[in-house]
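Reading the structure
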Amino acid sequence: MTAIDVTPVGAAAPEHVPYEPPAAVRRGGTALVLVLLIVFPLLFSNPAVTSIGVFSMIFLVAACGWNIFSGYSGYISIGHAAYYGIGQYTVALLVLHLKVAAGWDTFTLLPVAGLIAAVLAVPIGFVLLRVRKHTFIILTVAVMFILQLLAFNLTSWTNGSGGLELPFPTWSGSFFNEPFYYIGLAAAVVACVVSWWVRRSKYGLGLLSIRDDEDRARGLGIRTTRTKLIAYALSAFFVGIAGGLYAPFVGSVYPQFGFDPNFDLAVAVLVFVGGIGTLSGPVIGTLLLIPLQQYFYLQFGNDNLFLIAYGVLFILILRLLPGGVAPAVTQLYRRVLVARRLRATEPPAPPGTPAAPGEAERKEGTP
Amino acid sequence: MSILQVSGIKKSYGGIRALTGCTMTFEEGAINGLIGPNGSGKTTLFNVISGYEVADEGQVILRGKDITNAKPDQVFAAGLGRTFQITRIFARLTVLENLHVAAQRRGFMSQLRSWKSAAERQHAMEVLDFVGLTRLADEPAGGLSYGQQKLLEFAFIMIAKPSIMLLDEPAGGVNPTLLRGLADRIRTLNADGTTFVIVEHDMEFVMRLCDHVSVMHQGRALTGGPPEQVRSDPAVLEAYLGTDSADIEEVS
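**Topic: the overall build of chain A**
A tally of helices and strands in chain A yields 16 helices and 2 strands. For chain A, the proportion of contacts with a sequence separation of at least 24, taken over those separated by at least 6, is 78%.

In structure tokens form, the structure reads like this:
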């Protein structure tokens, strides 16, 4: 038990060491990543490379969206493929029934795919969010499989296991990937902006308080059910858009690739590796892992060796950086800062005086 | 005038009867103490009042409004804030963010806005200053010592300006210097019109601070009155001696 001052601490207070890099560094980094992503297809025009870019953008939208709910609220969903599938089937069915032209016209359906996913997420979320923790995780998976089963069996709509074929746009092979890439990038930017806004709004603070202690948050006037449900629908919206982009890109929709358990795990893994609950985590995780995964697939795809290589990489990252890449970077930055300040303040301080009292206390209790 | 009134509250968990028809009245503007041996139902009563537990029977009236079995967020909105025996703070948020959670605003537009505005920060810093946690404003709350967490919990109830604050063992695990500071702060807020109900085992603290002390025993109200009167009441001593001898020295 540490004795602490009761009187307000004034001028003598030790200088606070920030937990985040300064705003200029963060803004500069964001701008740099954005510019690199914009010029990427101009530098690498090989379709094999740009298709990796398209998959990265699809997963980037999904990961940012998933993080808005699971990252901020702490409710881990391993069933968001439900909305990936809904997005895919929405676009496919609308294209086929409304005879939407392949190409640019198809992209106008993306907001519809997102909206339908979000609307369906409200009743599903309302039921799921009555339970917490492990039960919640298992139920999200169950719902995803129920929807997959429906997709298999509602054959008049979905053509069951036969799947649905979408017409391909008549773009040339060298140009084909670029519209998908840039639309994906735009959607990813929107997802990131929404995520950023949630993180700094009062609403988002309510979500974060639910992550730490839901009952306590409720006792402080947070309407927890509503708060969680909004985030759930918001994340379903972006995952639905990711699905809506995927379907016309690969030109087909199947129950097992729409309501895809691998997608569930992939999105969660991307965010965990990048840093769950952080703004940059999903971006870092996706841009690090999806290109690597695709590269491994191209290199060792024949014998599924790529999955082993990918698994090894995943274990290594989790072993070395348990909190994810983004928190590890900020921690490293902070450690350097603290060390530098200690060195600067050492000579004048009398021996035995701790240089930063706040620091020692903090480390004890921080998991 | 009474601000909070509970009547005939009953609550059991399986075979354990935690509250057996508890009836009690707390006066507006007073610092009320609530004491009783371990297991006499004090915390359960707090849980029922603040909406964390559903009562089997009985009624809770806050400022003339029936809030029996209202949800915790509704009770909070009605102007009642509480702290917990074991502190419950938001460990991964900073101290300042913790305060802002409690200072949530109603209305759609205000939810969209950032909480990082200068005015809001100013107000939160004043409250932190009041409890002496200013220099820890940007530290994660999980890193605070237990005593500091108690103060933080007190601060984030305070920022919402409830008309009545329920404190569950505010003195537990808090050092004597800090405790005097806490008592001062309770008196200051009380002078501004906040009513307090304090559950506490530290009899020194209760007897010096409270205007009125209620005693609970076996899930119901045993007696109540000014501290001196309660202190010398043979029935109170009997209750402590009869059920839990560990509390003897605290009373005598």
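The discussion continues.
**Focus on the overall build of chain B**
Regarding its fold elements, chain B presents 11 helices and 10 strands. For a compact globule of 252 residues, the expected C-alpha radius of gyration is about 18 Å, and chain B comes in at 18 Å, within 12% of that figure. Expressed as lengths along the three principal axes of its C-alpha atoms, the size of chain B is roughly 55 × 40 × 35 Å. Considering only contacts within chain B whose residues lie at least 6 apart along the sequence, 67% involve residues at least 24 apart.

**A closer look at the confidence of the model for chain A**
Interpretation of the predicted coordinates at a detailed level should be avoided for regions scoring low in pLDDT. Residues and elements named next belong to chain A. Taken over all residues, the pLDDT of chain A has a mean of 85, while the share at 70 or more is 89%. Low confidence marks residues 1-13, where pLDDT is under 50. Its contacts with residues over four positions away, or in another chain, come to 26 contacts. Per-residue pLDDT stays below 50 along residues 353-367; that stretch engages in 24 contacts with residues further than four places along the chain or on separate chains.

**Focus on the sheet that holds strand E4 (residues 57-62) of chain B**
Residue and element names in this part refer to chain B. Taking strand neighbours across the sheet as the criterion, the 4 strands line up as E2-E1-E4-E5 in an open arrangement whose pairing is antiparallel. The open sheet has two edge strands, strand E2 (16-27) and strand E5 (65-66), and neither has a second partner. Strand direction decides the pairing type here: strand E1 (residues 2-13) and E2, joined by 9 bridges, are antiparallel. Of the residues in E2, the one forming a bridge with Ser2 is Glu27. Packed onto the sheet, helix H1 (residues 42-50) meets E1, E2 and E4 and runs at close to 115° relative to E1.

**Regarding the sheet that holds strand E6 (residues 80-82) of chain B**
Residue and element names in this part refer to chain B. Sheet architecture is open: 6 strands sit in the order E6-E7-E8-E3-E9-E10, paired in mixed fashion. Either end of the sheet is taken by a strand with one partner, and the two such strands are E6 and strand E10 (220-225). In this sheet, neighbouring strand axes are inclined to one another by 20° on average, regardless of whether the strands run parallel or antiparallel. Relative to strand E9 (residues 212-217), strand E3 (residues 31-35) runs parallel, the two being bridged by 4 bridges. Residue Gly33 lies in a different strand from E9, and its bridge partner there is Val213.

**Some words on the packing of helix H3 (residues 95-102) of chain B against helix H5 (residues 118-131) of chain B**
Residues and elements named next belong to chain B. Running from N to C, H3 and H5 cross one another at 105°; their axes reach a closest spacing of 10 Å. For the element pair H3 / H5, the angle class is roughly perpendicular. Residues Val95, Leu96, Leu99 and His100 of H3 form the contact with H5, whose participating residues are Glu120, Ala124, Val127 and Leu128. Of the residues assigned to the contact of H3 with H5, the class counts are 6 nonpolar, 1 polar and 1 charged.

**With respect to the nonpolar core**
Grouped together as the largest cluster of nonpolar side chains are 168 residues, with contacts concentrated most on Val61 and Ala62 of chain A together with Ala155 of chain B. Residues in contact with Ala62 of chain A, not counting those within four places in the same chain, are Tyr84, Phe238, Val239, Ala242 and Val267 of chain A.

Parameters and conventions
- Residues numbered from 1 in each chain as written.
- Chains lettered and ligands numbered in written order.
- Predicted model: local features only at pLDDT ≥ 70, side-chain atom pairs only at ≥ 80, totals over all residues.
- Helix = DSSP H or I, 4+ residues; strand = E, 2+ residues; numbered from the N terminus.
- Contact = placed C-beta atoms within 7 Å.
- Rg over C-alpha atoms; globule rule 2.2 N^0.38 Å.
- pLDDT = per-residue confidence, 0-100.
- Pairing = 2+ DSSP bridges.
- Axes fitted to C-alpha atoms, helices over the stretch in contact; angles between N-to-C directions.
- Parallel < 35°, antiparallel > 145°, perpendicular 65-115°, else oblique.
- Nonpolar A, V, L, I, M, F, W, Y, C, P; charged D, E, K, R; others polar.
- Core = buried A, V, L, I, M, F, W, Y, C linked by C-beta atoms within 7 Å.
- Buried ≥ 20, exposed ≤ 12 C-beta atoms within 10 Å, placed from the backbone.

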